[in-house]
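Residue-level listing of the chains:
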Amino acid sequence: VEIHSSLLAGGFGLSFLPGILFDRYGPTWIILLGLLLTVPPYVFLWTASNNVLFYSRNIWLVAIYFLIAGTGSVFVFTTVLTTNIKNFAPKNRSKIVGLLGAVYAGSPSIISVIYYQTLQQSQASDSFGSAMMLFAMCFGCVCLFYIIFLRLDTKSIQSGSEEILISSVEDQMSSREMKTFNTFEREEDEVQASVGVSVKQLFSDKRYWLILCISGFISVVGTTFRNHLTVITKSVGLSQFDESIVIIIPISDIIACILIGVISDSMRERVPRIYILLLACVSFTVCPILAMIWGNIYWVLCIATVLSGIGTGIFWTIFPAVVSEMFHVNNLGRNWGIAMSLTSLLRWAAQETFGALYDNNTPKDSIYCESGIACVRSGLFILVISGVLSLVLSVILIIKENKIKCCNPTDQDSL
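Residues numbered from 1 in each chain as written. Predicted model: local features only at pLDDT ≥ 70, side-chain atom pairs only at ≥ 80, totals over all residues. Heavy atoms only, no water.

**Points about helix α16 (residues 298-326)**
Note the following rule: Put simply, DSSP H or I for four residues or longer makes a helix, DSSP E for two residues or longer makes a strand, and each gets a number counted from the N terminus. In this analysis, the expected span of each helix is defined as 1.5 Å times one less than the number of residues it contains. Exposure categories follow from relative accessible area, calculated using a 1.4 Å probe and restricted to protein chains: below 20% of the type maximum is buried, above 50% is exposed, and the middle band is partly exposed.
The end-to-end C-alpha separation of α16 is 41 Å, in line with the 42 Å expected for 29 residues at 1.5 Å each. Most of α16 is tucked away, with 23 of its 29 residues classed as buried. Just downstream of α16 lies H328, where phi reads positive at about 75°.

Here it is in structure tokens:
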């Protein structure tokens, strides 16, 4: 079951592919491809519940279905996110991404309620098959809606680029001695703004490598902690609170997405977004520390869970905006997709490591380890290291960004 769920999320490993295709072909064709990749696997999974004997002998087929469905959902997610970021000016970018993030965070909870309260409570024994058919229908309807209505607003993209360029010009015109030099720099920036950032420029920029590592380490903590939260509660004897504690992350995630989106846009000129991204790193550093030391105390574990949700909301709201502003919005699909591909690999490695460490602490004659926080302490320590690394790298990125802006402010503002 864990392998299949991991494969469903494994589609993020191919995030670079829809990103590159989006930059070349636009949203419609990529959504159509996502539709073709997503709906058929869920239909086949629906049929699997009626052919248990066949699929019990060919379980690898089920794994392939989940992987293809996950890949299709990533195509749709990446396309919708990138299109909305491009369609709105930088001053509204975080609010839009935050709203999308809130919907993304809340939808699993809605689906869970439908499943537990409707499908599982019904007289039909095939609740899994019904859930797979529900997913197929939902994805089909949503993708068709996007194919008909989702378009890139080229006027908004152009006006957004002009807004950044005008802001850059106004900042530099305050110094009369620099006026001639800035005019020359501005002409170069306008040419670059119309093209974007090449792959060679992207990978030769140390800031992008810092961004890749920060996003990877942040996602390691958020995903691993969320996916193993009930493992932690069972280990420390708090599994009776599972029903209430598992909804803390999506609730705090939704609130953080909306609030941070509004705050980030309103303070964009005074507080750069990378400073707000630093708050996510702090949340993901404190979260596993609390769980590792005092995870057997219910209210402390709740605080750690809230921090995980807040960090997740900040990350998914701020990170796309940071990538679009640092490395140009024209190449957002590619730049964001590459980051998500690396992130998925690190998440997979972290979850496998956490599981291996947990199994190592589990008695051979038992399925679960119930000897307290010691069962998960070594796994949580890995998350602490990851959180600290994200925090350190974020500070380095802020220092580097400030140095670049001090030495040559026009270059960065025009992107």
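**Examining a nonpolar patch on the surface**
Rule in force here: Any residue with relative accessible area above 30% and no salt bridge may belong to a patch, with like charges joined within 9 Å and the nonpolar Val, Leu, Ile, Met, Phe, Trp and Tyr side chains within 5 Å. All accessible areas in this document rest on Shrake-Rupley with a 1.4 Å probe, and a residue is counted as covered only by the protein chains that are shown. One side-chain nitrogen of Lys or Arg within 4 Å of one carboxyl oxygen of Asp or Glu is enough to make a salt bridge.
A contiguous nonpolar patch, built from V246, I247, I251, I255, L259 and I263 and spanning about 500 Å² of accessible area, is present on the exposed surface. Tracing the backbone through its elements, the reader meets I251 in helix α14 (residues 248-266).

**Points about the packing of aromatic side chains**
Selection rule: Stacked, edge-to-face and tilted are the three classes for Phe, Tyr and Trp ring pairs, Trp counted by its six-membered ring, which pair at centre distances within 6.5 Å; planes under 30 degrees apart are stacked, over 60 edge-to-face, the rest tilted.
One pass over the full model with this rule turns up 18 aromatic pairs. Aromatic pair F54 and Y55: ring centres 5.0 Å apart, planes at 85°, arrangement edge-to-face. Owing to a relative accessible area of 43%, F54 belongs among the partly exposed residues under this scheme. Arranged with centres 5.2 Å apart and planes meeting at 85°, the rings of Y208 and F327 form a pair that is edge-to-face. With Y208 in helix α11 (residues 206-227) and F327 in the loop between α16 and α17 (332-360), this residue pair connects regions lying 119 residues apart in the sequence. Taken together through their ring pairs, the aromatic side chains of F77, Y104, F315, W316, F319 and W336 make up a single cluster.

**Considering the packing of helix α5 (residues 59-87) against α17**
Two numbers describe a pair of packed helices, the interaxial angle and the distance between the axes. Put simply, the test is: Axes here mean lines fitted to C-alpha atoms, for a helix over just the part in contact, with angles spanning 0 to 180 degrees between N-to-C directions. Just so you know how the angles are binned, under 35 degrees is roughly parallel, over 145 roughly antiparallel, 65 to 115 roughly perpendicular, and the rest oblique. Less than a right angle of anticlockwise turn of the near helix away from the far helix marks a crossing as left-handed, whereas a clockwise turn marks it as right-handed. Contacts were defined at the residue level, with two residues in contact if any of their heavy atoms lie within 4.5 Å. The residue classification treats Ala, Val, Leu, Ile, Met, Phe, Trp, Tyr, Cys and Pro as nonpolar and Asp, Glu, Lys and Arg as charged. All others, Gly included, are polar.
Where α5 meets α17, the closest approach of the two axes is 10 Å, and the angle between their N-to-C directions is 135°. When the axes of α5 and α17 are compared, the pair comes out oblique. As α5 runs across α17, the sense of the crossing is right-handed. When α5 is examined against α17, the residues F77, T78, L81, T82 and I85 are found in contact with a partner set consisting of L332, G333 and W336. Among the residues making up the contact of α5 with α17, the classes are represented as 5 nonpolar, 3 polar and no charged.

**With respect to the packing of α11 against α16**
With their axes 10 Å apart at the nearest point, α11 and α16 run at an angle of 155° to one another. On the basis of the axis angle, α11 is roughly antiparallel to α16. Handedness of the α11/α16 crossing: left-handed. For the pair formed by α11 and α16, the contact residues are R207, I211, S215, I218, S219, G222 and F225 on the first element and L301, A304, T305, S308, F315, F319, V322, V323 and M326 on the second. Looking at the contact of α11 with α16 residue by residue, the class counts come to 10 nonpolar, 5 polar and 1 charged.

**A look at the confidence of the model for the protein chain**
Short version of the rule: By definition, pLDDT measures how confident the predictor is in each residue, and it falls between 0 and 100.
Looking at the protein chain, the pLDDT average stands at 81 and 83% of residues meet or exceed 70. Per-element confidence in the protein chain is highest for helix α15 (residues 273-294), whose mean pLDDT is 93, and lowest for helix α9 (residues 179-195), whose mean pLDDT is 43. Of the regions scoring below 50 in pLDDT, residues 164-194 engages in 30 contacts with residues more than four places distant in sequence or in other chains. Segment residues 411-415 is flagged for pLDDT under 50; beyond a separation of four residues in sequence, or across chains, it makes 22 contacts in the model.

**Considerations on the environment of A280**
In this fold, A280 is placed in helix α15. A C-alpha to C-alpha distance of 9.2 Å links A280 and S390, two positions 110 residues apart in sequence. With near-sequence residues (within four places) excluded, A280 lies in contact with I218, G311, I314 and F315.

**Here we look at helix α7 (residues 127-149)**
In an α-helix there are 3.6 residues to a turn, and that puts residues three or four apart on one side. Between its first and last C-alpha, α7 extends 33 Å over 23 residues, near the 33 Å set by a 1.5 Å rise per residue. Buried within α7 we find S127, G129, A131, M132, A136, G140, C143 and I147.

**So, the pattern of salt bridges**
Applying the stated rule across the entire model yields 7 salt bridges. The closest approach of N and O atoms between D265 and R273, which form a salt bridge, is 3.1 Å. E325 is the partner of R273 in a salt bridge, and the nearest nitrogen-oxygen pair spans 2.9 Å. With R273 in helix α15 and E325 in helix α16, the pair connects residues that are 52 residues apart, well separated along the chain. The same class applies to R273 and to E325, which are both buried. Through salt bridges that share partners, K95, D265, R273 and E325 make up one connected network.

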